[in-house]
Amino acid sequence: MGLVGSVILLIVLWLVVLMPTLLERGIPIDVINDYSSVEKGPGRPPHWEMVFWWTRKPLAGARAIIAASLLPDNAYQSMEQFLNDLFPCRGEKRTVHSCNPSQRLIEKLRGKRLLDPFAGFGSIPLEASRLGVDAVAVELLPTAYVFLKAILEYPRLFRDKFIEVDGKTIKELGLEDVAKQFSGKREVSESGRYKVPMLIYDVARWGSWIINRLREDPVIKELYDADIYIGTWEVKCPVCGRYTPLVGNWWLARVKSGNRGYERLAWMEWQNGEIKVIDLNEQCKQQRLGNCDNLSAEVTTRGEEGGSVRWANQKFVVPIKNVDAKRETAQCLYCRAEINHRIVNGKVVKGNKKDGDWYVKWALRRWSENYEKYLRDEITLDELRQSPARPTLLVKVYVKDGDLQFKPATQQDTEKLWKAAEELRKMWGDPDIPIEELWNYHMGTAGQISIWIWGYNKFFKFFNPRQLLTLVKLVKLIRQVGHMVEEEKLKEGWNSEDARKYAEAVTTYLTIALIRFVIFNSVASPIRPDTIMGAIIAGSMTFRGLAVVWNYGDMSPYTNITGSWLKNIKTTINSLGYVFLTIFDSNGNAKVLLDDASELSRLEGERFDVIVTDPPYADDVAYSELSDFYYVWLKRALSDAENNELKPRFLPEAFFDEFGLEIPTQWQRFAPKEVSENEGRWEHFGLKVTFAELLTRAFANVLRFLKEDGLLVAYYVAKKPETWAALVDALWRENGLELVAAYPVETESEESIVAKGKASILGGYVSAWRRRVGERPLDLDVAREEAFREVASRLEARLKVLRGRKGGATTWVYSYLAALEYLTAHYPVRLGGVELGSDGLMRQAVVLAFEALLRSSGIKLTDRGAHAYLALRIMESKSGRVDSDTLSYVEKAVGLEHKDLIGLGLITEVETGGPNVAKRKTFEVLAPRSDTVDEVKRVYSLQRGKSAVIDCLRQLQLNALIKSVAKCTPEVREESLNLARALIELSKSGLLDEDDADVKLSRLVLGMEWWQ
Ligand SMILES: C[S@@+](CC[C@H](N)C(=O)[O-])C[C@H]1O[C@@H](n2cnc3c(N)ncnc32)[C@H](O)[C@@H]1O
Ligand SMILES: [Zn+2]
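Residues numbered from 1 in each chain as written. Chains lettered and ligands numbered in written order. Predicted model: local features only at pLDDT ≥ 70, side-chain atom pairs only at ≥ 80, totals over all residues. Heavy atoms only, no water.

Brief notes about the overall build of the chain
Tallying secondary structure elements over the chain gives 36 helices and 34 strands in all. Scaling as 2.2 N^0.38, a compact globule of 1012 residues should have a C-alpha radius of gyration of about 31 Å, and the chain matches this with 32 Å. Projecting the C-alpha coordinates of the chain onto the three principal axes gives extents of approximately 90 × 80 × 60 Å. When the 1012 residues of the chain are sorted by exposure, 60% land in the buried category. Element-wise, carbon and sulfur atoms account for 49% of the exposed surface of the chain, whose accessible area totals about 40,300 Å². (Helix = DSSP H or I, 4+ residues; strand = E, 2+ residues; numbered from the N terminus. Rg over C-alpha atoms; globule rule 2.2 N^0.38 Å. Buried < 20%, exposed > 50% of the residue type's maximum accessible area, 1.4 Å probe, protein only. Areas by Shrake-Rupley, 256 points an atom, 1.4 Å probe, with all protein chains shown as cover.)

The structure is reproduced here in structure tokens:
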């Protein structure tokens, strides 16, 4: 290339580099967050119901962010137009994700390519392809890979295949909604004919075929005579020797009706050595007491643990649970002895916690060993039944006209479990029984996924014998369907590749329905009495992990309630209907890759316009381990079984390694590669790689595929400045990027208890990064003034986007991000002659942000306590509190520890309610919350003599209210008046509420009228 060529290239590059995107100019994030938050509740995208996945991102937000990261900043005259094109049905529908983006927008994005290297359940690639953008979705885990195929690939592959079906069949298969959706007709009549996607039709048809085969199965049909069984464990009482059930909850139904009363009230009692059912609706009907669908009863509960009921002039007591795993105690229902015994040297003794394992835990582990020994034919059924713990059934449930009837389970019912065990023993060695081992190390975040310490050391042990037998049969039927579908298509004249792919697709959807059945039909699927009647069983992932459950649901495969096979087929059909809708108006392609974001060898030579991605956050979710609960079933239903071995069939790359060997579990192979941080894993695998290191490595790798001028956009959860450090380290320090835009976003994660309302803002972010141009050193000792000015001007630009909807925390976050933008545009950054690492950079960002904020309000304060007070007031939640995460920002901003803040009388620790696990330190910010004498006195009594400036401010306030004498030195008094002015300035710039009591009092002190 000649000189002229080079110059032109440089100019082009320069132009390109300087062409900012809409995301950098600013998008109306508050509106978009409102749309996103709908997706956390009943407005969830329908296809999310197929199966649970962790931390899925709302579609509305993903769509807006993808589009804005690809459009030039001048693509739209107004933000209204942008929003209208993104969500054409906004204004008509609450769930804006249910409509496709406009053609005009799709046209603007034609030919663009997006990479998501941490695709999960695929919100980002789904919305990208919906916008007409070609998306590549990468996932490390086979489980997510299969789900991504189901959501992104198969519908596209078979989008043109329709089949005409008569109305009668449509109705029989529950395809009415789909038929209406695709024919545009309002009703389905038996005599009509309807075109529906072949794929959806076949899922419905084969789903129904499977259940009909299972109905004929001579063994299975004998095992069920109710819809649901409520099962639990019973243990042999170490005192009286009888087997006592461990009941985690005696309530069966406690369902409120719309108008104050109760739609359903029922519970269990223990009478004469038996379970009895007390059903108030039944009693009401028998005694003809009027409206029995709305019992006017008074119910008090102690959590889920019992309570009392007053109804029809009677008083009832609902028993308290007789097992408490946290406190490690239980009570025998026969002899009432407390079972808090321990196992010491193999003997059952009364002892202290540290002496040995709790008897019940030990008993469950013995069951686990014996269960396996029995199936291996090493002990007899009698011996198995003599285990110190064993499964039992409490109640049978019948579903009738949308209502539930309860009956105590009998000895004959429990016998069915043993019958199933006998069947399983005959089949032992069958590769469809998931004998893979669980991880056996502790996982950082949540103790509940250390469930293996209860004896759940192999996956089949998550199922009682009946559940297990039924699931194994279902696997075999699904596999059989795979072969039948393929044969059918070959007979119809399809080529062998298409026929096979089609069979793969149908089998995959049926397998996903099976996974959902697994989630709702294990010994870890809790009964929840207080929700709607059709959903009495909750999924085993309800607590995000797997927990030991006392009352669990054991569901007949023939029933039709939430989580059942029939309902799951229906859910899959509806999900597919939605997914088909997303590919109607655009032809963005979507490709799914099973790979490690740090490798990606198959993408060699490809380039993307943008990377939009959502990596894991440190130790938030143990993806590999938890989704193994799905993996072991997916692998079976999608593979063949020959000679007591699984053999590759569909998606072999997900289940077999490069040598054709079966991959037993994800945790064994992928956990070390998962971008996360976990001590348990470090120990087990004998290698220690931090989250920041893994993230850095992955980003370094994916950047190879990003065009020179492309944005890297990352979702991230960062509550503390420290958490940002990992991302900043990975992108700024290690990979030469600068932050060019950032937004607080609604994500799926739970809100902080403390900061409700305000601080979902302090949780999830989307940040956009570009390659930094050249070396840009910065010496903060020299450039401090310039830094303040820069941050303040960026902040001003940002605040315009908020359009008057600014709340304290949002403004704070924006100032912080403005500071980070300024700082990350430089490298290296020095302070006091030392080069700053990412941690140091974060700290400087907090300091700069806070200073810039104060300066932009024209505030000058020298007192540190006053400084800290302002910082606290800016960052406090609506209820005037700060949690420890927020506090760490304050600490960094003003250079005081939280102990100092307590010492200065600025905060005081408070107890928060809520479950024990979620308890975190919370502090009340000490400030008057109403402008009354009593309130100021209350606060003053807590602050008196601690910080001279605050002390004096309170005195001045009291003086203004009741003319009491204020005794402060002139200097302190001046600083207190400055603080009062500062408070007023902050309210003017929206950082404090206008009617904040302290602001009002400050006006009073300064002798100001409200309009000044
Ligand atoms: C936060 S989730 C993504 C959720 C997704 N955005 C959604 O809406 O469903 C992060 C994903 O990254 C995956 N992951 C973890 N380590 C990975 C790696 N090294 N390579 C590729 N994917 C990885 C996890 O399995 C997980 O599904
Ligand atoms: Zn007893």
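That shown, we press on.
Observations regarding the site of ligand 1
Residues in close proximity to ligand 1 total 24 residues, the closest being Lys57, Phe121, Glu139, Ala597 and Asp614. Contact between ligand 1 and valine 675: a nitrogen atom at 3.1 Å from a main-chain N or O atom of the residue. Protein contact buries 100% of the 600 Å² of open area that ligand 1 shows by itself. Partitioning the shell around ligand 1 into residue classes produces 12 nonpolar, four polar and eight charged. (Near = heavy atom within 4 Å. Polar contact = N/O pair within 3.5 Å; in protein donor to acceptor, adjacent residues only side chain to side chain. Nonpolar A, V, L, I, M, F, W, Y, C, P; charged D, E, K, R; others polar.)

A look at the coordination of the zinc ion (ligand 2)
For the zinc ion (ligand 2), every protein donor is listed as Cys237 (SG), Cys240 (SG), Cys332 (SG) and Cys335 (SG), and the spread of their distances is 2.3 Å. What the four donor atoms of the zinc ion (ligand 2) show is an angle range of 106 to 114° at the metal, which sorts the shape as tetrahedral. Between consecutive donors of the zinc ion (ligand 2), the numbers of intervening residues give the motif C-x2-C-x91-C-x2-C. (Donors = N, O, S within 2.8 Å, 3.2 Å for Na, K, Ca; no water. Tetrahedral: all angles 85-135°; square planar, octahedral: opposite > 155°, others 65-115°.)

Some words on the packing of helix α4 (residues 59-70) against helix α7 (residues 123-130)
Where α4 contacts α7, the axes come no closer than 9 Å and their chain directions differ by 60°. As summarised for this structure, α4 and α7 are arranged oblique, according to the angle between their axes. Viewed along their axes, α4 and α7 form a crossing whose handedness is right-handed. Only Ser123, Ile124, Leu126, Glu127, Ala128 and Arg130 of α7 make contact with α4, whose side of the interface consists of Leu59, Ala62, Arg63 and Ile66. Looking at side-chain class alone, the contact of α4 with α7 contains six nonpolar, one polar and three charged residues. (Axes fitted to C-alpha atoms, helices over the stretch in contact; angles between N-to-C directions. Parallel < 35°, antiparallel > 145°, perpendicular 65-115°, else oblique. Left-handed = near helix turned anticlockwise from the far one by under 90°. Contact = heavy atoms within 4.5 Å.)

Points about the packing of helix α34 (residues 948-962) against helix α35 (residues 970-988)
Running from amino to carboxyl end, α34 crosses α35 at an angle of 75°, the nearest separation of the two axes being 8 Å. In this view, α34 runs roughly perpendicular relative to α35, as classed from their interaxial angle. Within the contact between the two elements, α34 uses Ala948, Val949, Ile950, Cys952, Leu953 and Leu956 and α35 uses Val972, Arg973, Glu975, Ser976, Leu977, Leu979, Ala980 and Leu983.

Concerning the pattern of salt bridges
Counted under the stated rule, the structure contains 67 salt bridges. Of the charged contacts in the structure, one is a salt bridge between aspartate 225 and lysine 416, with a shortest N-O distance of 3.7 Å. Taken together, the positions of aspartate 225 in the loop between α12 (218-223) and β5 (228-236) and lysine 416 in helix α16 (residues 411-427) put the pair 191 residues apart, joining distant regions of the chain. The partly exposed category is assigned to aspartate 225, whose relative accessible area is 37%. A salt bridge links arginine 390 to glutamate 234; the shortest N-O distance between them is 2.7 Å. Taken together, the positions of arginine 390 in strand β19 (residues 389-400) and glutamate 234 in strand β5 put the pair 156 residues apart, joining distant regions of the chain. Grouping residues by exposure puts arginine 390 and glutamate 234 together as buried. Overlapping salt bridges, with partners in common, bring together Arg873, Glu876, Arg929, Arg954, Asp996 and Asp998 in one network. (Salt bridge = Lys/Arg side-chain N within 4 Å of Asp/Glu carboxyl O.)

Some thoughts on the sheet that holds strand β2 (residues 134-139)
Across the sheet, which stays open at both edges, the seven strands sit in the order β22-β2-β1-β23-β26-β28-β27 with mixed pairing between neighbours. Because the sheet does not close on itself, it has two edges, and the strands there are β22 (590-594) and β27 (737-744). Each neighbouring strand pair of the sheet contributes to a mean axis angle of 20°, computed without reference to strand direction. Here six bridges tie strand β26 (residues 706-717) to strand β28 (residues 764-771), and the two strands are oriented antiparallel to one another. When the bridges of β28 are listed, valine 713 appears paired with alanine 768. Helix α25 (residues 691-703) contacts β1 (113-116), β23 (608-613), β26, β27 and β28 of the sheet and is inclined by roughly 150° relative to β26. (Pairing = 2+ DSSP bridges.)

Quick word on the side chain of threonine 232
Mapped onto the elements, threonine 232 comes out in strand β5. By relative accessible area, threonine 232 is classed as buried at 0%. A polar contact of 2.7 Å, which involves the side chain of threonine 232, links it to the backbone oxygen of leucine 246. Look past the residues within four positions of threonine 232 in its chain and what remains in contact with it is Pro245, Leu246, Arg390, Pro391, Thr392, Leu394, Trp550, Asn551 and Tyr552.

Describing the pairing of β28
Counting buried positions along β28 gives seven out of eight residues, so the element sits mostly inside the fold. Across seven bridges, β27 lies against β28 in antiparallel orientation. Opposite alanine 741, over in β28, you have alanine 768 as the bridge partner.

Observations regarding the environment of glutamine 314
For glutamine 314, the location among the structural elements is in strand β12 (residues 314-318). On the basis of relative accessibility, which here comes to 30%, the residue glutamine 314 falls in the partly exposed class. When the C-alpha positions of glutamine 314 and asparagine 291 are compared, they lie 17 Å apart, and in sequence the two are 23 residues distant.

Section: the sheet that holds strand β18 (residues 357-358)
Spatially, β17-β16-β18 is the arrangement adopted by the three strands of the open sheet, whose pairing is antiparallel. Each edge of the sheet is formed by a strand with only one pairing partner; in this case those strands are β17 (347-349) and β18. Sheet topology places strand β16 (residues 342-344) next to β17; three bridges connect them, and they run antiparallel. The residue of β17 that forms the bridge with arginine 342 is valine 349.

Digging into the packing of aromatic side chains
Across all of its chains, the model carries 43 aromatic pairs by this definition. Aromatic pair phenylalanine 52 and tryptophan 54: ring centres 5.3 Å apart, planes at 80°, arrangement edge-to-face. Phenylalanine 52 sits in the partly exposed class, given a relative accessible area of 26%. Relative accessible area serves as the criterion here: at 1%, tryptophan 54 is assigned to the buried category. Both rings, one in tyrosine 224 and one in tyrosine 558, keep their centres 6.2 Å apart while their planes meet at 80°; by these two values the pair is edge-to-face. Residue tyrosine 224 is found in the loop between α12 and β5, and its partner tyrosine 558 is found in the loop between β21 (552-555) and α19 (565-582); the two are separated by 334 residues along the sequence. The exposure classification of tyrosine 224 matches that of tyrosine 558, with both residues buried. Lying across the ring of phenylalanine 121, arginine 56 places its NZ or CZ 4.6 Å from the centre. (Phe/Tyr/Trp six-rings, centres within 6.5 Å; stacked < 30°, edge-to-face > 60°. Lys NZ or Arg CZ within 6 Å of the ring centre and 35° of its normal.)

Observations regarding the state of the cysteines
Under the criterion given, the structure shown has three disulfides. Sulfur-sulfur distance for the disulfide between cysteine 284 and cysteine 292 comes to 1.9 Å. Of note, the bridge from cysteine 284 to cysteine 292 carries an S-S torsion of about -80° and is left-handed in sense. One exposure class covers both cysteine 284 and cysteine 292, and it is buried. (Disulfide = S-S within 2.5 Å.)

Examining unusual backbone geometry
The residue after tyrosine 827, namely proline 828, is reached through a cis peptide bond having omega -10°. For proline 828, the location among the structural elements is in the loop between α28 (808-824) and β30 (829-831). Of note, the phi angle at lysine 963 is positive, near 60°, even though the residue is not glycine. Tracing the backbone through its elements, the reader meets lysine 963 in the loop between α34 and α35. With a relative accessible area of 65%, lysine 963 lands in the exposed category.

A short note on the side chain of aspartate 430
Examined against the element boundaries, aspartate 430 turns out to sit in the loop between α16 and α17 (465-491). The class for aspartate 430 is buried, based on a relative accessible area of 16%. At 2.7 Å, the side chain of aspartate 430 forms a polar contact with the side chain of lysine 476. Among all residues touching aspartate 430, those that are not within four sequence positions of it are Lys476 and Asn644.

A short note on the pairing of strand β9 (residues 274-279)
Pairing of strand β8 (residues 262-271) with β9 involves six bridges; the strand directions are antiparallel. What sits directly across from tryptophan 267, in β9, is isoleucine 278. Hairpin connection of β8 to β9: two residues between the antiparallel strands, including asparagine 272 at a positive phi of 50°.

Thoughts on the environment of isoleucine 453
Topologically, isoleucine 453 is positioned in the loop between α16 and α17. The partly exposed category is assigned to isoleucine 453, whose relative accessible area is 24%. For the pair isoleucine 453 and arginine 365, spaced 88 residues apart in sequence, the C-alpha separation works out to 7.9 Å.

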